[in-house]
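Geometric and topological summary
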Amino acid sequence: MITIYVKDINHISQKLYDDVIAMVNIRKLTCTCGNCRCFIQHGSYNRTVKTSNGAVRLRINRVKCTICGCTHALLLSSIIPYSQISLKDQMDIINCYENQSGYDRIFESVFSIDESNVHSVILRYCRYWKPHILSHGISVFSIELLLKYCFSIFQKQFIQIKSTSNRLFMFPT
Ligand SMILES: [Zn+2]
């Protein structure tokens, strides 16, 4: 999969997704096989993300590498692969955990997040991500640095569950 970096992690909608994807020149993307200028559009699939406005159903575009044959979903960095809980909400959960402030704020803002969701985010964070982040002196609250670090060291989005290789694409500034 390929993750397109977006600064705004607070909003997720089909329109926002489509607007970002429309700005991506797929010829500029690099495949996990290392080749670039090798992608063609390859359909789409639907997935759901829980937000404060309820569950948002997104149509996610896929591209296919004409050299290695791999297909890649094009995600936004506000989305965590294989999870219905957005990056923003997972960051909020981790923030509440680190500040020991309780999770009521989370439950009140996103009704579909429950205690078992919170528990699994904290477990994943403590068991896997926190030790790596601390050992490299990365602040969990500096999102741009954190994501660059996770993608460059682990080829994964922060808090990503499965080990499917994931590349970060950043628009040139
Ligand atoms: Zn490839």
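For the structure, check the block above.
Each value, and the rule that gives it
- Residues numbered from 1 in each chain as written.
- Predicted model: local features only at pLDDT ≥ 70, side-chain atom pairs only at ≥ 80, totals over all residues.
- Heavy atoms only, no water.
- Helix = DSSP H or I, 4+ residues; strand = E, 2+ residues; numbered from the N terminus.
- Buried < 20%, exposed > 50% of the residue type's maximum accessible area, 1.4 Å probe, protein only.
- Contact = heavy atoms within 4.5 Å.
- Areas by Shrake-Rupley, 256 points an atom, 1.4 Å probe, with all protein chains shown as cover.
- Lys, Arg positive; Asp, Glu negative; His and termini not counted.
- Charge placed at Lys NZ, Arg CZ, Asp CG, Glu CD.
- Expected span 1.5 Å × (residues − 1).
- Pairing = 2+ DSSP bridges.
- Axes fitted to C-alpha atoms, helices over the stretch in contact; angles between N-to-C directions.
- Parallel < 35°, antiparallel > 145°, perpendicular 65-115°, else oblique.
- Nonpolar A, V, L, I, M, F, W, Y, C, P; charged D, E, K, R; others polar.
- Phe/Tyr/Trp six-rings, centres within 6.5 Å; stacked < 30°, edge-to-face > 60°.
- Lys NZ or Arg CZ within 6 Å of the ring centre and 35° of its normal.
- Donors = N, O, S within 2.8 Å, 3.2 Å for Na, K, Ca; no water.

1. Examining the overall build of the protein
- Check the secondary structure of the protein and you find 5 helices and 5 strands.
- Secondary structure elements of the protein, listed N to C terminal, follow the sequence β-α-β-β-β-α-α-α-α-β.
- A buried classification covers 43% of the 173 residues belonging to the protein.
- Counted over contacts in the protein with a minimum sequence separation of 6, partners at least 24 positions apart contribute 60%.
- Carbon and sulfur atoms make up 51% of the accessible area of the protein, which totals about 9100 Å².
- When the 20 basic and 11 acidic side-chain charges of the protein are each reduced to a single mean position, those positions are 14 Å apart.

2. Structural notes on helix 2 (residues 87-99)
- Taking 1.5 Å per residue, 13 residues should reach 18 Å; helix 2 reaches 18 Å between its end C-alpha atoms and fits that length.
- Among the residues making up helix 2, those that are buried are Leu87, Asp89, Gln90, Met91, Asp92, Ile93, Ile94 and Cys96.
- Just beyond helix 2, the residue with positive phi is Gln100, at close to 50 degrees.

3. Overview of the side chain of Ser86
- With respect to the helices, strands and loops of the structure, Ser86 is situated in the loop between strand 4 (71-76) and helix 2.
- Here Ser86 is in contact with Ile12, Val49, Lys50 and Ser78, once residues within four sequence places are set aside.

4. Observations concerning the pairing of strand 2 (residues 39-51)
- In the sheet, strand 2 pairs with strand 3 (residues 54-65) via 11 bridges, with the strands oriented antiparallel. By the bridge assignment for strand 3, Gln41 is matched with Val63.
- Joining the antiparallel neighbours strand 2 and strand 3 is a turn of 2 residues.

5. Some points on the packing of helix 4 (residues 115-135) against helix 5 (residues 143-154)
- Close contact between helix 4 and helix 5 brings their axes to 12 Å; oriented N to C, the two are set at 105 degrees. Here helix 4 is positioned roughly perpendicular relative to helix 5, judged by the angle of their axes. Only Leu146, Tyr149, Cys150 and Phe154 of helix 5 make contact with helix 4, whose side of the interface consists of Tyr128, Trp129, His132 and Ile133.
- For the contact of helix 4 with helix 5, the class distribution of residues is 7 nonpolar, 1 polar and no charged.

6. Quick notes on the packing of aromatic side chains
- Taken as a whole and assessed by the stated rule, the structure comprises 7 aromatic pairs.
- Between Tyr97 and Tyr125, the ring centres sit 6.2 Å apart and the planes meet at 85 degrees, which makes this aromatic pair edge-to-face. One end of the pair, Tyr97, is in helix 2; the other, Tyr125, is in helix 4, and 28 residues separate them in sequence.
- An aromatic cluster is present here, built from Tyr128, Trp129, Tyr149, Phe154 and Phe158 joined pairwise through their rings.
- Lys162 extends its terminal NZ or CZ atom over the ring of Tyr82, reaching a point 4.6 Å from the ring centre.

7. Remarks on the sheet that holds strand 3
- An order of 2-3-4-1-5 is seen for the 5 strands of this open sheet, with the pairing classed as mixed. The sheet terminates laterally at strand 2 and strand 5 (167-169), the two strands that pair on one side only. Ignoring which end each strand starts from, the neighbouring axes of this sheet average 30 degrees apart.
- As paired elements, strand 3 and strand 4 share 3 bridges and run antiparallel to each other. Note that in strand 4 the partner of Lys64 across the bridge is Thr71.

8. Focus on the coordination of the zinc ion
- For the zinc ion, the protein coordination sphere consists of Cys31 (SG), Cys33 (SG), Cys65 (SG) and Cys68 (SG), at 2.3 Å.
- All donors of the zinc ion belong to a single chain; written as a sequence motif, their spacing is C-x1-C-x31-C-x2-C.
- Taking relative accessible area as the criterion, Cys65 reaches 1% and is therefore assigned buried.

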